[in-house]
Amino acid sequence: MRQTRLRPMVEGGILSGIAILFALISAYLPLIGPFVNLMWPVPIILLGVRHGYKWSIMATVVSGVMIAMLMHPLHSLSVVVGFGLIGIVLGYAFRMNFSAGKTMLWGTAASLVSKAALLAISALVLGVNPLNMQSDVMNNAVAQAIEVYRDFGMAEQELAKMSESMQSMIELMKIILPAGFIMASVLDTWLNFLIAKTVLRKLGHNVPNFPAFKEWSLPYHIVYFFALSLVMIYWGNSREISLLTQVGMNLQVITSTLILVQGLALFNYFADKYNLSKMIKGLILFLILTNGFFAQILIVAGAIDMVMDYRRLRGPQSKD
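Numbering of residues begins from 1 in every chain and follows the order in which that chain's sequence is written. Residue-level local features of this predicted model are given only where pLDDT is at least 70; pairs of side-chain atoms are given and counted only at 80 or more, and the full residue set underlies all totals for whole chains, interfaces and linings. Note that the side-chain values use all heavy atoms of the structure and ignore hydrogens as well as water.

## Some thoughts on helix 3 (residues 41-51)
A turn of α-helix holds 3.6 residues, and therefore any two residues three or four places apart point the same way. Operational definition: Burial classification: accessible surface area is computed with a 1.4 Å probe over protein chains only, and a residue below 20% of its type maximum counts as buried, one above 50% as exposed, and the rest as partly exposed. Elements are defined by DSSP. Helices are runs of H or I of four residues or more, strands are runs of E of two residues or more, and each kind is numbered from the N terminus.
By the criterion of burial, helix 3 is predominantly enclosed, with ten of the eleven residues buried. Looking at helix 3, one finds that the buried residues are P41, V42, P43, I44, I45, L46, L47, G48, V49 and H51.

## Considering the nonpolar core
Stated formally: What is meant by a nonpolar core is a set of buried Ala, Val, Leu, Ile, Met, Phe, Trp, Tyr and Cys residues, joined one to another through side-chain atoms within 4.5 Å.
Ranked by size, the top nonpolar core spans 31 residues in total, and within it W40, I45, I67, F94 and L200 carry the most contacts. Elements supplying a minimum of two residues to this core: helix 1 (2-28), helix 3, helix 4 (53-70), helix 5 (73-95), helix 6 (100-126) and helix 9 (177-202). When residues in this core are grouped by element, the largest group, seven residues, is from helix 5. In terms of nonpolar packing, the next biggest core, distinct from the first, is built from eleven residues, V223, L264, L298 and M306 among them.

## Digging into the packing of helix 11 (residues 242-273) against helix 13 (residues 292-308)
Spelled out, the test is: A fitted line through C-alpha atoms serves as each axis, taken over the contacting stretch for helices, and the angle formed by two N-to-C directions is quoted from 0 to 180°. Each angle is binned into one of four classes, with values under 35 degrees roughly parallel, values over 145 roughly antiparallel, values of 65 to 115 roughly perpendicular, and all other values oblique. The contact criterion used is simple: two residues touch if any of their non-hydrogen atoms lie within 4.5 Å. Following the grouping adopted for this structure description, the nonpolar residues are Ala, Val, Leu, Ile, Met, Phe, Trp, Tyr, Cys and Pro, the charged ones are Asp, Glu, Lys and Arg, and the polar ones are all others, Gly among them.
As a packed pair, helix 11 and helix 13 sit with axes 7 Å apart at the nearest point and diverge in direction by 85°. What the angle tells us is that helix 11 and helix 13 run roughly perpendicular. Only A295, L298, I299, A301, G302, A303, D305 and M306 of helix 13 make contact with helix 11, whose side of the interface consists of S256, L258, I259, L260, Q262, G263, L264, L266 and F267. When the residues that make up the contact of helix 11 with helix 13 are grouped by side-chain class, the tally is twelve nonpolar, four polar and one charged.

## Points about helix 13
For clarity, the cut-off: Here a helix's expected span is defined as the number of its residues, less one, multiplied by 1.5 Å. Our arc is simply the arc of the directions from the helix axis toward the C-beta atoms. Any pair of nitrogen or oxygen atoms within 3.5 Å is treated as a polar contact; in protein, a donor-acceptor pairing is required on top of that, and neighbouring residues in sequence qualify only through side-chain atoms on both sides.
Taking 1.5 Å of rise per residue, 17 residues should cover 24 Å, and helix 13 covers 24 Å from first to last C-alpha, within 8% of that figure. Among the residues of helix 13, A295, L298, I299, G302, A303, D305 and M306 are the ones counted as buried. Around the axis of helix 13, the buried residues are gathered within 165° of arc, so they sit on the same side. Exposed and facing more than 90 degrees away from the buried side of helix 13 are F293 and M308. Residues of helix 13 that are buried make contact with helix 10 (221-238), helix 11 and helix 12 (278-290). Where helix 13 begins, one side-chain oxygen reaches toward the backbone nitrogen of F293, 2.9 Å away; that side chain belongs to N291.

This is the structure we're talking about:
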């Protein structure tokens with residue numbers, strides 16, 4: 001019994017130490033710090049998989065206390081609140097053998113909750129809205145950019161057009177910020193999923209994986225939500241209901257991104273089917289990701305594949 005409790009305590013101490021080291025690296029090494037910061041949940045995930053969520057919660061609390069003592073309480077809050085819940089939830093999901101999709105869904109939800117909590121705590125502690133601070137930073141960046149172009153001799157008329165265009169872009173970014181938070185949550189969950197999966201397999205754990213990318217098939221209901229977003233934007237603009245427009249724009253960003261992923265999966269299917277070389281495949285992907293017209297074509301193709309199920313991935317048929 002004593003030996004049984006000793007092992008998780010030892011591993012918990014080691015992994016908590018690694019989490020503290022990650023926090024120190026993220027604070028003092030500017031080049032790799034942000035990336036290491038995103039990896040902070042990995043030790044918590046490993047402990048949760050090997051010994052249960054109670055140990056991962058305990059390690060998160062201990063790490064937070066030590067980071068606060070070694071560095072600053074605010075930094076400890078930003079790390080523990082921002083990433084602790086992701087580690088606890090993903091560790092639990094891996095331990096319970098959830099499917100890869102369900103694990104990602106739980107992790108994304110935990111990441112969203114963490115980001116919302118971090119914003120609320122920042123507003124409470126600093127007494128200002130962090131989103132407004134970010135907006136001020138972007139406005140200052142636009143003003144500095146305009147001054148640089150003015151120093152280069154650009155005409156005031158052109159500068160006015162550029163400033164108006166940049167301000168419109170900033171306003172758009174403010175509107176679709178909720179969608180940005182959701183996609184950021186998916187990305188940091190995906191990063192931790194991949195790293196934790198690799199380490200766990202090295203340790204001999206059986207971790208569920210996603211199917212090959214060419215076999216990905218997202219729910220066809222996404223297309224209906226995309227159509228709904230267009231209707232919401234139209235109604236919001238025509239009836240001057242700004243909230244409806246904003247919700248529709250966020251929904252459009254999320255659904256169009258998912259449909260684009262479906263289109264990329266379809267492209268990979270055809271690239272494999274017709275044995276395209278890596279160079280040709282890479283060139284086509286470059287054109288798709290850098291040219292809005294080609295991206296729109298791929299979104300249309302992805303939407304058609306969602307509805308028609310061209311690859312026959314959802315039905316019993318296996319024929320092409």
